[in-house]
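Chain and residue survey
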Amino acid sequence: MNYSSEERLDALASAYVLGTLEGRARRRFIRLMQQKTRIRERVWFWEQMLDPLNDRLEPQPPPAHVWPQIRARLGMAVAANDEPAPSRRWVSWAGGFATAAMVLAGLYLTVPGPAPVMVEQVAVFTDADGQTLWLLDVSDQQIAVRATGLVSVSAEYDYELWMVPADGGAPRSLGLMPEDGSLVLPLTEDLSADMVKAIAVSREAPGGSVTGAPAEVLYVTPLLST
Amino acid sequence: MTEQDHQTLIRAVAMGEQDAFQQLYESTSSRLYAIAMQLLRSPERADEALQEAYVKIWHNAGEYHAGRGAVITWMGSIVRYRCIDMLRSISRKEDRQDSLDDMAPELAEAPVTEESSDYQAMEHCLAQLESGERQLVHLAYYRGLTHSEIQNHTGTPLGTVKTWIRRGLQALKRCLEQ
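The structure contained in this document is the topic of the report that follows. (Residues numbered from 1 in each chain as written. Chains lettered and ligands numbered in written order. Predicted model: local features only at pLDDT ≥ 70, side-chain atom pairs only at ≥ 80, totals over all residues. Heavy atoms only, no water.)

Turning our eyes to something else, we now look at the nonpolar core. Phe29 and Leu50 of chain A together with Phe21, Tyr54 and Ile57 of chain B are the most contacted members of the largest nonpolar core, which totals 85 residues. In terms of residue count, the dominant contributor to this core is helix H2 (residues 18-40) of chain B (12 residues). (Core = buried A, V, L, I, M, F, W, Y, C linked by side-chain atoms within 4.5 Å. Buried < 20%, exposed > 50% of the residue type's maximum accessible area, 1.4 Å probe, protein only. Helix = DSSP H or I, 4+ residues; strand = E, 2+ residues; numbered from the N terminus.)

If you want it as C-alpha cells, here you go:
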C-alpha cells in the first residue's frame, strides 16, 4: 500500500479515526503509525478534526461503581465510599503557588566535557511547541543533563528533576536542572526501566522543593532505553 | 473545567498523582461515558470500555503532548478506539444485527459543551455535505459501523458506501480548514 501520497495517507488516517479501516489494513496502519511520525501526526489531525462531533452527545455520568473499579484495577487503595472525593485539589492550588526566597542548595556539579560513561537510557524534555529544552543521558551512576538554550531563565525559580516510581509511590527528586549549559547529577535513585513510570521537571522556589513534593509540574517524559 | 486545568491535571497524573487522576475523572468521565454508550449501546460494555480507557490514561499520561490536541480530545480518542475494538470483537462473535435496529444516533439538539465554536463550524460543514454522505459519516462515527455493516443496514452498495464516506470526509476537511 502506498503511504507516500498525501491523499492516500489522508484517506487511511481518516478511515482509521472513523473506525472504518479494518482487519489487516488496520493492523498494518497501526504498525506504520508506531514507526512514522508523519503518519501519527496525520491521525492526530483527524482526531482533532472529528472530535467536535462528540459535542452533540449528551454527557452521561457513569455508574458510581466504575470509579472504584478503575482504582482497583490500578492497585490503588479503594476509598471507604464510592464517591470521588479528592483530598488535594490540583487545579486550584497549582496556579497559586507563591515563590519564596530559599537558600540554593548547590546539588550539582559543572561538567567539563562528555562523561566517559556508558549511557543506558536517554530522555528529552520538549515544550508545548515540541522544541527541545533538555537532553538527558542516564548511566548507572549519573545523569548528564544538557540545556538547549531555550529554557526560560529566572531568578525567581529553579527547575527540579523528578522520577515517578512505577509502583505509584510519591515522586522522588533527582536534583536541580541546569538552565543553560551542561551538568551532571549524581544518581541517587534506581532508574531501571521497571522502576520508573516517567521523569518530570517542576518549577520550584529557588533551591528546589521545600515540601519534598513537586510544586508545579511543567514537563513529563518517558525514559528510553538505548 | 478549562483546557488549561486539564493540562495541569494530566501532567500531575503523569507524575502518579492519584488525586489529580480523580479530579480528571470527575471532569471528563461523563463525556467519555457518553461516547462509549453511544457506540456500544450497552451499560455493561460501556462500563468496561470506560474502565479500560482510564487505566490506559493513567499509564500513558506521560505520552500526552500538545500535538495531540486538547486533553479531552486525546482521552476521547482512547475511549473511542477501545469501543471500536470491542465492536469488532462483538461483530466476529455475534450477529450484531439486533443491536443495529435503532440506528439513529441519539444526539442533543444543540452542542452541549461550553465552548461550542468548533462544533458550530462542524455543524456548518456537515450541512454542506450531500445527505447520503452525512448519513453514512454519522453511522460510522456515532455507531462505529464498518463499511459492510453500513451496506447491510442501508442497502447501499459497498462501493458507494466507501466512496460517499471518503468524499464526505474530504469535503469536511476542506470546509473546516477554510
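With that out of the way, let us pick up unusual backbone geometry. In this structure, Arg41 of chain B is a non-glycine residue whose phi angle is positive, near 55°. Along the chain, the position of Arg41 of chain B falls in the loop between H2 and helix H3 (43-60).

Time to look at the environment of Met86 of chain B. Residues and elements named next belong to chain B. For Met86, the position within the fold is in helix H4 (residues 71-93). Here Met86 falls in the buried class, since its relative accessible area comes to 11%. Counting along the chain gives 37 residues from Met86 to Ala49, while the straight-line C-alpha distance between them is 8.0 Å. In contact with Met86, other than residues within four places in its own chain, are Leu40, Arg45, Glu48 and Ala49. (Contact = heavy atoms within 4.5 Å.)

Turning our eyes to something else, we now look at the pattern of salt bridges. Summed over the entire model, instances satisfying the criterion amount to 14 salt bridges over all chains. The residue Glu47 of chain A makes a salt bridge to Arg68 of chain B at a minimum N-O spacing of 3.1 Å. With Glu47 of chain A in helix H3 (residues 37-50) and Arg68 of chain B in the loop between H3 and H4, this residue pair bridges two chains. Judged by its relative accessible area of 4%, Glu47 of chain A is buried. One salt bridge in this structure joins Glu48 of chain B and Arg73 of chain A, with 2.9 Å as the shortest N-O distance. Separated into two different chains, Glu48 of chain B in helix H3 and Arg73 of chain A in helix H4 (residues 66-73) make up a pair that spans both. Salt bridges sharing common partners tie together Glu6, Asp10, Arg38 and Arg42 of chain A together with Lys173 of chain B. (Salt bridge = Lys/Arg side-chain N within 4 Å of Asp/Glu carboxyl O.)

Right, let's talk about the interface of chain A and chain B for a bit. Listed per partner, the contact involves 64 residues of chain A and 78 residues of chain B. The interface formed by chain A and chain B includes 7 salt bridges. With a shortest N-O distance of 3.2 Å, Arg56 of chain A and Glu123 of chain B are connected by a salt bridge. At the surface where chain A touches chain B, the tally comes to 24 residue pairs in polar contact (both at pLDDT 80 or more). (Polar contact = N/O pair within 3.5 Å; in protein donor to acceptor, adjacent residues only side chain to side chain.)

Turning to the packing of H2 of chain B against H3 of chain B, a few remarks are in order. All names here are of chain B. At a minimum axis distance of 9 Å, the contact between H2 and H3 shows a crossing angle of 140°. Between H2 and H3, the interaxial angle falls into the category oblique. Our pair here, H2 against H3, has a crossing hand that is right-handed. Side by side, H2 and H3 meet where Gln18, Phe21, Leu24, Tyr25, Thr28, Ser29, Leu32, Tyr33, Ala36, Met37 and Leu40 of the first sit next to Pro43, Arg45, Ala46, Asp47, Ala49, Leu50, Tyr54, Ile57 and Trp58 of the second. Classifying every residue of the contact of H2 with H3 gives 15 nonpolar, 3 polar and 2 charged. (Axes fitted to C-alpha atoms, helices over the stretch in contact; angles between N-to-C directions. Parallel < 35°, antiparallel > 145°, perpendicular 65-115°, else oblique. Left-handed = near helix turned anticlockwise from the far one by under 90°. Nonpolar A, V, L, I, M, F, W, Y, C, P; charged D, E, K, R; others polar.)

As a further point, take the sheet that holds strand S8 (residues 196-204) of chain A. Spatially, the 4 strands line up as an open sheet ordered S6-S5-S8-S9 (chain A), and their pairing is antiparallel. Across the chains shown, the open sheet's two edge strands, defined by having one partner strand only, are strand S6 (172-176) and strand S9 (216-221) of chain A. The average angle at which neighbouring strand axes cross in this sheet is 30°, direction not considered. Each of strand S5 (158-165), S8 and S9 of chain A touches helix H1 (residues 3-14) of chain B; the most contacted strand, S9 of chain A, lies at about 60° to it. (Pairing = 2+ DSSP bridges.)

Now for the packing of aromatic side chains. Inspection of every chain in the model, using the stated rule, returns 14 aromatic pairs over all chains. Consider the rings of Phe125 of chain A and Trp134 of chain A, whose centres lie 6.3 Å apart with planes at 90°: the pair is edge-to-face. The class for Phe125 of chain A is buried, based on a relative accessible area of 1%. In this structure Trp134 of chain A comes out as buried when scored by relative accessible area, which is 0%. Measuring from ring centre to ring centre gives 5.1 Å for Phe21 of chain B and Trp58 of chain B, while their planes differ by 55°; the resulting arrangement is tilted. Taken together, the positions of Phe21 of chain B in helix H2 and Trp58 of chain B in helix H3 put the pair 37 residues apart, joining distant regions of the chain. (Phe/Tyr/Trp six-rings, centres within 6.5 Å; stacked < 30°, edge-to-face > 60°.)

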